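Each chain, letter by letter, is given below.
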Amino acid sequence: MSMQAKLNTEITIEELCEDFIYNEVEGKGLQGMGGDLIIQPEYQRNFLYADNGGDKEKKVIDSILKGYPIGLIYFNKAKQDDGTIKFEVLDGQQRITSIGRYVTNKFQILRDGRETYFEGLPEDLQRKINKTKILVYECEGDESDIKEWFETINIVGIPLNEQERSNAIYSGKFVTAAKAVFSNSRNSQIQKWSAYIKGVANRQDFLATALQWISDSKNETVSEYMSKNRRSDDISEMEMYFNAVLDWAKMIFGLPVKEMQGLEWGRLYETYHKNQYKSESVQKRVSEFLADEAVTNNKGVFEYVLGGEQDKTLLNIRMFDERTKRTVYQRQTNEAKEKGVSNCPDCANFGNTAQKAKIYELKEMDADHVSAWSHGGETAAENCQMLCKYHNRSKGNR
Ligand SMILES: [Zn+2]
């Protein structure tokens, strides 16, 4: 069955906002039209207009007062769990919530040079707002049609991100319960999570992370996991795993530092949590590497230490610059020519007859740490020697 849509031009803002309820805790408009309208069905995202100082919600009210259209709004006629038929806002949730918040005196707009609540407006302006009619498309159709279509239209304004789209596609008890924990900007845990995870609660970043970690740990895709758990309101498995990952990170690395934010903690936990570590020495090594100027990828330090300091590519060690290389090459080559030996010290000492006196060109050589970086050798001219490519490679990590 395809979707039916009917245009309704008769709904006024007064009717729209009858019994408007806004939930401060979840940051969303809940209902309007005397309870017949569900403003934020499960597949909708959190209210975003009030962010950034509420510029966008103020603009909605300005538009109405100036008589500008605020655009089409889409309702979906849907049967609720209790059997009643209600309208759900498919598109226009943010505009409706802005209007509802204004007429219930939740924010002020600048009017003749001063900030004014709805109740402070002159009566004619209050009436103008109340009597403004909105353009509503009332739709009716299968859940899948509606959702597919919802994804297509909801690209205006603030685009849906991937997690918001998944929330729409897999809407149900699981997403609702998960959002109450992970997408709730009043959750006091968020500050703690933010030390490890980059993002904002109402853009679903923590929820996306929690889902990624649990589904990775089960070798499932996020879609599989969401689809499998869709009808359940039990999010304890995901919550417990999420907390286990963060508790482990805290236990190993101690107080969080800024470089930890945004690391792949789920993967690190899966890879390393069965190993034994002395957190005191781990933390000491981490701070040493973070302070080392030769380490140019600070984010790699944590895994480098977890992996027993083997994989130096994680640290992206700063190498000698071209000027240093040229200077050292010149000095070595001059000395070698005087002595009649190779300008690669290893060739001079250990090479065969042909190599012992060979003078390499600069481009045939590589810079090497005399005292290995991994043993504390600095990346400075005094610690630089040029070796032929063969000997530099064979020196490896020793
Ligand atoms: Zn050599």
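Just above sits the structure.
Draft legend 1. Summary view of the overall build of the chain. If you tally the helices and strands in the chain, you get 18 helices and eleven strands. Computed over C-alpha atoms, the radius of gyration of the chain comes to 32 Å, more than 25% over the 21 Å expected from 2.2 N^0.38 for 398 residues, which places it beyond the range of a compact globule. A principal-axis box enclosing the C-alpha atoms of the chain has dimensions of 100 × 50 × 45 Å. For the chain, the proportion of its 398 residues judged to be buried stands at 45%. For the chain, the proportion of contacts with a sequence separation of at least 24, taken over those separated by at least 6, is 62%. About 21,400 Å² of surface is accessible on the chain, with carbon and sulfur atoms providing 47% of the total.

Draft legend 2. Seen up close, the packing of helix α9 (residues 205-217) against helix α11 (residues 236-253). Where α9 contacts α11, the two axes come as close as 9 Å, and the packing angle between them is 95 degrees. Of the possible angle classes, the one that applies to α9 and α11 is roughly perpendicular. Only E237, M238, Y241, F242, V245 and L246 of α11 make contact with α9, whose side of the interface consists of F206, L207, T209, A210, L211, W213, I214 and S217. Its residues placed into classes, the contact of α9 with α11 shows eleven nonpolar, two polar and one charged.

Draft legend 3. Focus on the environment of T9. Mapped onto the elements, T9 comes out in the loop between β1 (4-8) and α1 (13-16). As a C-alpha pair, T9 and L135 span 126 residues in sequence and 5.0 Å in three-dimensional space. In this structure the side chain of T9 is engaged in a polar contact, spanning 3.5 Å, whose partner is the side chain of E10.

Draft legend 4. Highlighting the coordination of the zinc ion. Taken together, the protein donors to the zinc ion comprise C344 (SG), C347 (SG), C388 (SG) and H391 (ND1), at separations of 2.1 to 2.3 Å. Around the zinc ion, the four donor atoms sit at angles spanning 99 to 116 degrees, and that spread fits a shape best called tetrahedral. Since its relative accessible area comes to 3%, C388 is described here as buried.

Draft legend 5. View of the sheet that holds strand β9 (residues 136-140). Here we have seven strands laid out as an open sheet, ordered β1-β9-β5-β6-β4-β3-β2, and mixed in their pairing. If you trace the sheet from one side to the other, it starts and ends with β1 and β2 (21-23), each paired once. Bridge count between strand β3 (residues 28-32) and strand β4 (residues 37-38): two bridges; the pairing is antiparallel. Pairing of G32 across the sheet is with L37, part of β4.

Draft legend 6. Helix α2 (residues 55-65), seen in detail. Burial in α2 covers these residues: E57, V60, I61, I64 and L65. Within α2, the buried residues cover an arc of 135 degrees as seen down the axis, which keeps them to one side. Contact partners of the buried residues in α2: α1, α3 (93-103), β7 (109-111) and α4 (123-131). G67, located one to two residues past α2, shows a positive phi value of around 80 degrees.

Draft legend 7. Examining the nonpolar core more closely. Membership of the largest hydrophobic core comes to 51 residues, with the highest contact counts inside it found for F182, M238, W248, F253 and W265. Sorting the residues of this core by element identifies α7 (173-182), α8 (190-194), α9, α10 (222-229), α11, α12 (265-272), α13 (279-291) and α14 (301-306) as the ones contributing at least two each. Sort the elements by how many residues they give to this core and α11 lands first, with nine residues. When residues no more than four places from it in sequence are discounted, the contact partners of F253 are M260, W265, V282, Q283, V286, F302 and L306. Of all hydrophobic cores here, the second largest spans 30 residues; its members include M33, I70, I99 and V136.

Draft legend 8. Local environment of the packing of α11 against α12. Remark: α11 packs on α12, axes separated minimally by 10 Å, with the N-to-C direction vectors making an angle of 75 degrees. In terms of orientation, α11 and α12 fall into the roughly perpendicular class. On the side of α11, the interface is formed by Y241, A244, V245, W248, A249 and F253, while α12 contributes W265, G266, L268, Y269, E270 and Y272. Along the lines of polarity and charge, the residues of the contact of α11 with α12 split into ten nonpolar, one polar and one charged.

Draft legend 9. Representation of the state of the cysteines within the structure. Applying the stated criterion across every chain, the model contains zero disulfides. Left without a disulfide partner, C384 is nearest to the cysteine sulfur of C344, which lies 13 Å away. You can call C384 buried: its relative accessible area is 3%.

Draft legend 10. Fine view of the pairing of β3. Both β2 and β3 contribute to a ladder of three bridges, which runs antiparallel. In the sheet register, N23 faces β3, and the bridge partner there is K28. Adjacent in sequence and paired antiparallel, β3 and β4 are bridged by four residues, among which M33 carries a positive phi angle near 50 degrees.

Analysis parameters
- Residues numbered from 1 in each chain as written.
- Predicted model: local features only at pLDDT ≥ 70, side-chain atom pairs only at ≥ 80, totals over all residues.
- Heavy atoms only, no water.
- Helix = DSSP H or I, 4+ residues; strand = E, 2+ residues; numbered from the N terminus.
- Rg over C-alpha atoms; globule rule 2.2 N^0.38 Å.
- Buried < 20%, exposed > 50% of the residue type's maximum accessible area, 1.4 Å probe, protein only.
- Contact = heavy atoms within 4.5 Å.
- Areas by Shrake-Rupley, 256 points an atom, 1.4 Å probe, with all protein chains shown as cover.
- Axes fitted to C-alpha atoms, helices over the stretch in contact; angles between N-to-C directions.
- Parallel < 35°, antiparallel > 145°, perpendicular 65-115°, else oblique.
- Nonpolar A, V, L, I, M, F, W, Y, C, P; charged D, E, K, R; others polar.
- Polar contact = N/O pair within 3.5 Å; in protein donor to acceptor, adjacent residues only side chain to side chain.
- Donors = N, O, S within 2.8 Å, 3.2 Å for Na, K, Ca; no water.
- Tetrahedral: all angles 85-135°; square planar, octahedral: opposite > 155°, others 65-115°.
- Pairing = 2+ DSSP bridges.
- Arc of directions from axis to C-beta.
- Core = buried A, V, L, I, M, F, W, Y, C linked by side-chain atoms within 4.5 Å.
- Disulfide = S-S within 2.5 Å.

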